[in-house]
Each structure stands twice: as structure tokens, then as C-alpha cells.
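Spelled out, the chains give:
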Amino acid sequence: MMVELDEIHAAQQRIAGHVRPTPLRKSHALSTELNASIWLKMETMHDTGAFKLRGAANKLLSLDESQKSRGVITVSSGNHGRAVAYMARQLNIRAVVCVTEIIPPEKISGLHDFDADVIVHGQTQDDADAEARRIAERDGLLFVSPFDDPHVIAGQGTIGLELLADRPDLDIVFVQLSGGGLMAGTAKALKSLKPDITIIGVSLEHGAAMIESIKAGHIVEVDEKPSIADALPGPIPADNQYTFEMCRELVDDFVQVPESDILEAMKFVLTREKCLVEGGAASGVAAMRRYGSQLEGKKAATLLTGNNISLDRALSAFGLKDVQQTETFWIS
């Protein structure tokens with residue numbers, strides 16, 4: 001099953017009053033390092049701090065009054081739940097978000113910021129997903145998939161429309177790949193408008209469920225491992241209807257980045273671009289740097305997908321424990 005370009009255009013119109021287009025900023029530091037023209041899509045500038053607002057807004061704005069009255073429930077590693085909660089509060093809809101026990105504390109706080117009912121359950125996304133679906137059935141809530149939903153996919157696809165509106169000459173776009181909602185929508189928009197553009201999927205070195213499933217030709221289970229890029233791990237349910245087939249058809253290549261590369265990319269974005277971003281957000285930069293000379297002379301973009309990470313957690317990941325270390329790091 002496929003979400004089509006007209007649905008992405010419809011999403012752009014539907015969410016316009018709630019989601020602002022984000023800037024596409026040239027990275028002079030990366031452009032110099034890679035001998036290429038590199039742009040960063042600033043998805044950190046949404047009201048919720050991450051791209052997930054696009055899909056959540058399109059989904060909730062598409063509900064009829066009967067569906068709104070039921071309330072919604074979702075499962076999330078943080079940013080999707082925050083986006084659903086934000087939009088639910090705007091539309092006066094009850095929102096319940098199921099998360100795992102390993103979700104970072106700042107993302108729990110982000111959910112409470114928008115009055116969501118938060119349920120913490122299990123060690124993996126599979127555990128939290130099963131609990132969310134059980135509660136949806138028990139309480140009559142509408143389950144909102146974080147990625148495998150046509151409205152969510154179309155909402156994320158508005159990123160592709162904006163990218164080509166700003167830079168129609170792009171050669172390559174690096175897009176983070178977890179459950180595939182972001183990739184499916186963005187790649188569909190890009191490939192529909194510019195068929196010769198190259199789409200690179202970015203994920204973790206280990207536990208990249210979508211990449212491993214595409215390699216196998218069917219959905220497979222992978223081991224989830226803790227990562228500073230906590231938005232990237234997670235399973236693809238066996239009943240996936242949209243994202244697996246769309247990603248398999250639309251993505252040209254993949255880059256899997258180790259944890260060390262992601263940490264270095266986070267440092268790079270903080271010190272050179274002056275942006276504090278999550279590990280998943282920095283993974284696109286990490287992938288570009290790993291792609292290296294293949295980008296020479298190209299015009300390429302990636303997404304800074306979110307900034308919902310605490311300063312303490314980021315600095316701890318960088319191994320910085322006191323003010324003097326931090327000052328030295330900042331000016332290095």
C-alpha cells in the first residue's frame with residue numbers, strides 16, 4: 001500500500017495553521033569538511049522540538065467528532081507522544097501515551113507538559129506497543145501509530161515538499177530511518193517531484209529493524225540495544241501495512257552509524273552549528289561524514305529531527321563532568 005503525493009499536498013494544507021515550515025540552513029562547516037554543499041533541515045524549530053508534530057497534526061486534524069470524543073492512545077519513544085499530546089490539547093482530545101521504562105526522563109517531562117496521561121510499561125517498544133493496543137481495546141480509545149498510518153506518513157512527507165521548494169537542485173537527501181514513517185513520507189514526496197534524487201536511509205549500526213527487514217525481504221525481529229539515539233531503535237510490527245513496502249521501494253541506499261559516530265556528530269552540531277540535538281537528529285550528520293568522498297561536489301541535505309534531550313544527558317554522553325571541562329569543550 002502506498003501514500004500518494006496528492007495526500008502529502010493535502011496534509012500540507014491541513015496542518016498549515018498548526019505547523020510552520022522549518023528553515024533549511026546551510027552548514028558551512030560540513031560543506032567545507034566534505035567539499036560539498038550541505039544543508040540542514042531545522043526540524044528542531046517546531047513547537048514540540050521535533051518533526052513528529054507534522055504527522056501527529058495531520059492525523060488528529062483528520063479525525064471526525066466521534067473519533068475525537070473517544071480520545072487517542074499511542075506508543076512512543078518520546079517525540080511522537082509529545083506531538084500527539086500537544087495536538088490533542090489544541091483540539092481538546094484526551095491523549096494517552098505508552099512509553100518504555102528506559103525512556104529518558106526529559107521525554108517523560110515533555111509528555112506531561114502537554115497534559116498527556118503517561119503509562120510506563122516494559123523494557124522494549126514491543127512491550128509498550130502491546131500495552132497501548134490492549135488499553136485502546138479496553139477503553140475504546142483510538143490507537144494512533146507512530147509511523148504506520150497514512151495520515152502520519154503524509155504529514156511527515158511535507159518535509160520533502162519543503163526541501164525541494166527551498167533547494168530544487170538537491171542531489172542527495174539523508175533521512176533517519178526507524179519505523180519508516182519519516183522516510184516513507186519524505187521519500188515519496190522527493191521521488192515524486194524529482195525521480196533522480198538519491199535517498200539515503202540512516203540508522204544505527206546494530207538493531208536497525210527496517211534496514212534488516214529490507215535486506216531480508218520481509219519483516220524481521222532485531223535485538224534492541226540502548227543508544228544515545230533513542231528514537232532510532234524499535235521493532236516493526238508484523239502487521240505493517242505501509243512503511244516497509246514504501247521504504248523498500250523508495251530508498252536507494254543505507255548508512256548505518258556506530259554509537260561513537262553519533263556522539264561525535266552531536267558534538268559537531270553543538271560546537272559548530274550551535275544546536276543541541278538528540279542522537280537520532282545528529283545521526284544524519286554522522287552518516288554524511290561516513291559517506292565522505294562520495295558527497296564531493298554534491299548538493300545534499302539531512303534533517304536535524306529533534307532537540308528533546310537534556311543538557312545534562314548530552315554533556316554526560318560527551319564525558320563532561322564539570323564546568324571547566326565543558327568550557328574547554330565548547331571553545332575547542
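Quick note: structure is the one above.
Just so you know, these numbers come straight off a predicted model, no measurement behind them. (Residues numbered from 1 in each chain as written. Predicted model: local features only at pLDDT ≥ 70, side-chain atom pairs only at ≥ 80, totals over all residues. Heavy atoms only, no water.)

Participant: Where do I start with the side chain of Thr 186 in this structure?
Facilitator: Residue placement: Thr 186 occurs in helix H9 (residues 181-193). Residues within four places of Thr 186 in sequence aside, it is in contact with Gln 156, Gly 157, Ile 159, Gly 160, Leu 163 and Val 175. (Helix = DSSP H or I, 4+ residues; strand = E, 2+ residues; numbered from the N terminus. Contact = heavy atoms within 4.5 Å.)

Participant: Explain the packing of helix H3 (residues 52-61) against helix H5 (residues 79-91) to me, please; I cannot follow it from the model alone.
Facilitator: In helix packing, the relevant descriptors are the interaxial angle and the interaxial distance, both defined with respect to the helix axes. As a packed pair, H3 and H5 sit with axes 8 Å apart at the nearest point and diverge in direction by 40°. Classed by the angle they form, the pair H3 and H5 counts as oblique. As for how H3 packs across H5, the hand of that crossing is right-handed. Between H3 and H5, the residues in contact are Lys 52, Leu 53, Ala 56, Ala 57, Leu 60 and Leu 61 and Asn 79, His 80, Ala 83, Val 84, Tyr 86, Met 87, Ala 88 and Leu 91, respectively. (Axes fitted to C-alpha atoms, helices over the stretch in contact; angles between N-to-C directions. Parallel < 35°, antiparallel > 145°, perpendicular 65-115°, else oblique. Left-handed = near helix turned anticlockwise from the far one by under 90°.)

Participant: What is the right way to read the packing of H5 against helix H6 (residues 105-113) from this model?
Facilitator: Following both chains from N to C, one finds H5 and H6 inclined at 10°, their axes separated by 8 Å at the closest point. Classified by the interaxial angle, the pair formed by H5 and H6 is roughly parallel. For the pair H5 and H6, contact is made by Asn 79, Gly 81, Arg 82, Ala 85 and Arg 89 and by Lys 107, Gly 110, Leu 111 and Asp 113, respectively.

Participant: How do you make sense of the pairing of strand S8 (residues 198-204) when you look at a structure like this?
Facilitator: Walk down a regular strand and you will see the side chains alternate between the two sheet faces. For S8, a buried count of 6 out of 7 residues is recorded, marking the element as mostly surrounded by other parts of the structure. Summarising the sheet, strand S7 (residues 172-176) and S8 pair through 5 bridges and their orientation is parallel. Within S8, the position partnered with Val 173 by the bridge is Ile 199. With H9 bridging S7 and its parallel neighbour S8, the resulting β-α-β unit is right-handed. (Buried < 20%, exposed > 50% of the residue type's maximum accessible area, 1.4 Å probe, protein only. Pairing = 2+ DSSP bridges. Right-handed = clockwise from strand over helix to strand, strands pointing away.)

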